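Observations on chain architecture
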Amino acid sequence: GQQVMQIPQYQHVQEGEDFTTYCNSSTTLSNIQWYKQRPGGHPVFLIQLVKSGEVKKQKRLTFQFGEAKKNSSLHITATQTTDVGTYFCAGGRGATNKLIFGTGTLLAVQP
Amino acid sequence: EPEVTQTPSHQVTQMGQEVILRCVPISNHLYFYWYRQILGQKVEFLVSFYNNEISEKSEIFDDQFSVERPDGSNFTLKIRSTKLEDSAMYFCASSEENFYGYTFGSGTRLTVV
């Protein structure tokens, strides 16, 4: 079945450092979404990418969708302690918007 | 901001018992989902629901699971005979349209003992 993997599983950075998580799907995706889950919380939608090669920015966050629509990345510039949490990519395929979530990357930020 | 509401926040049940997890999606949303997350692991798809019927379900969603939208506002997940391995956080989510971002509820932590 479809698998969505993320690396790294865990990243510990000093506040102010950059952070990147990478997402890879075993199959071509129709769209990819990114979610953030704070410890003890629920996933919160960040953004959706649909087009091949698409790049979107939200303040310090930059999201990319690969040309083959099988991979994606999230880059955070100058991390802050509020960025702490697990970042999940989630890929969609087919007519229904069933999302398959990636394995997640837990980001820890040391002040 | 509109929210997806889930009740209860925590449910403890004996193995073999039936549980019903309840969700109130955002009122103008058309697509509804149940996901679960075993502690520290990834978010797993269970079922999607549109136009009063299941549109897709995963291998996890076997005959022990069922979903209903009984009254146009509530969206329920029933597990008929719970097993220890059903212990997880269950999230309800809804989206306004197909291929829109999901809004998740705060989840129900189910503990089967």
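Above this text sits the structure in question.
Residues numbered from 1 in each chain as written. Chains lettered and ligands numbered in written order. Predicted model: local features only at pLDDT ≥ 70, side-chain atom pairs only at ≥ 80, totals over all residues. Heavy atoms only, no water.

Quick notes on the overall build of chain A
- Helix and strand counts for chain A stand at 0 helices and 11 strands.
- For chain A, the N- to C-terminal ordering of α and β elements is β-β-β-β-β-β-β-β-β-β-β.
- In chain A, which comprises 111 residues, the proportion classed as buried is 48%.
- Nonlocal contacts in chain A, meaning residues at least 24 apart in sequence, comprise 55% of its contacts between residues at least 6 apart.
- Only carbon and sulfur atoms are counted for the fraction: they give 52% of the accessible area of chain A, which is about 5200 Å².
- Of the charged side chains in chain A, 11 are positive and 6 negative; the average position of the first set lies 12 Å away from that of the second. (Helix = DSSP H or I, 4+ residues; strand = E, 2+ residues; numbered from the N terminus. Buried < 20%, exposed > 50% of the residue type's maximum accessible area, 1.4 Å probe, protein only. Contact = heavy atoms within 4.5 Å. Areas by Shrake-Rupley, 256 points an atom, 1.4 Å probe, with all protein chains shown as cover. Lys, Arg positive; Asp, Glu negative; His and termini not counted. Charge placed at Lys NZ, Arg CZ, Asp CG, Glu CD.)

Structural notes on the interface of chain A and chain B
- On the chain B side, the residues contacting the 20 residues of chain A number 18 residues.
- Both sides together, the interface formed by chain A and chain B hides about 1600 Å², and carbon and sulfur atoms give 56% of it.
- In terms of surface lost to chain B, no three residues of chain A exceed Asn97(A), Lys98(A) and Phe101(A), which account for 33% of the buried area on that side.
- At the junction of chain A with chain B, the criterion picks out 1 salt bridge.
- Between Glu56(B) and Lys98(A) there is a salt bridge, with the nearest N and O atoms lying 3.4 Å from each other.
- For the side of chain A that touches chain B, the elements supplying multiple residues, two or more each, are strand S4 (31-37), strand S5 (43-49) and strand S10 (99-101) of chain A.
- Among the elements that make up the side of chain A that touches chain B, the one with the highest residue count is S4(A) (4 residues). (Buried area = accessible area lost by both parts, 1.4 Å probe. Salt bridge = Lys/Arg side-chain N within 4 Å of Asp/Glu carboxyl O.)

Quick look at the pairing of strand S5 (residues 43-50) of chain B
All names here are of chain B.
- Of all the 8 residues making up S5, 6 are buried; the element is thus mostly covered by neighbouring parts of the structure.
- Hairpin connection of strand S4 (residues 31-37) to S5: 5 residues between the antiparallel strands, including Gly 40 at a positive phi of 75°.
- Strand direction decides the pairing type here: S5 and strand S6 (residues 53-57), joined by 4 bridges, are antiparallel. Note that in S6 the partner of Tyr 50 across the bridge is Glu 53.
- Hairpin connection of S5 to S6: 2 residues between the antiparallel strands, including Asn 51 at a positive phi of 55°. (Pairing = 2+ DSSP bridges.)

Concerning the environment of Gln11(A)
Residues and elements named next belong to chain A.
- Considering the arrangement of structural elements, one finds Gln 11 in strand S2 (residues 10-14).
- With a relative accessible area of 27%, Gln 11 lands in the partly exposed category.
- A C-alpha to C-alpha distance of 30 Å links Gln 11 and Asn 97, two positions 86 residues apart in sequence.
- Those residues in contact with Gln 11 that lie beyond four places of it in its chain are Phe 19, Thr 20, Leu 106, Leu 107 and Ala 108.

Some remarks on the packing of aromatic side chains
Residue and element names in this part refer to chain B.
- Under the criterion given, the structure shown has 20 aromatic pairs over all chains.
- Ring centres of Tyr 35 and Phe 45 lie 5.5 Å apart, and the angle between their planes is 70°; on these two criteria the pair is classed as edge-to-face. Taken as a pair, Tyr 35 in strand S4 and Phe 45 in strand S5 lie far apart in primary sequence, 10 residues in all.
- Its relative accessible area of 6% is what places Phe 45 among the buried residues. (Phe/Tyr/Trp six-rings, centres within 6.5 Å; stacked < 30°, edge-to-face > 60°.)

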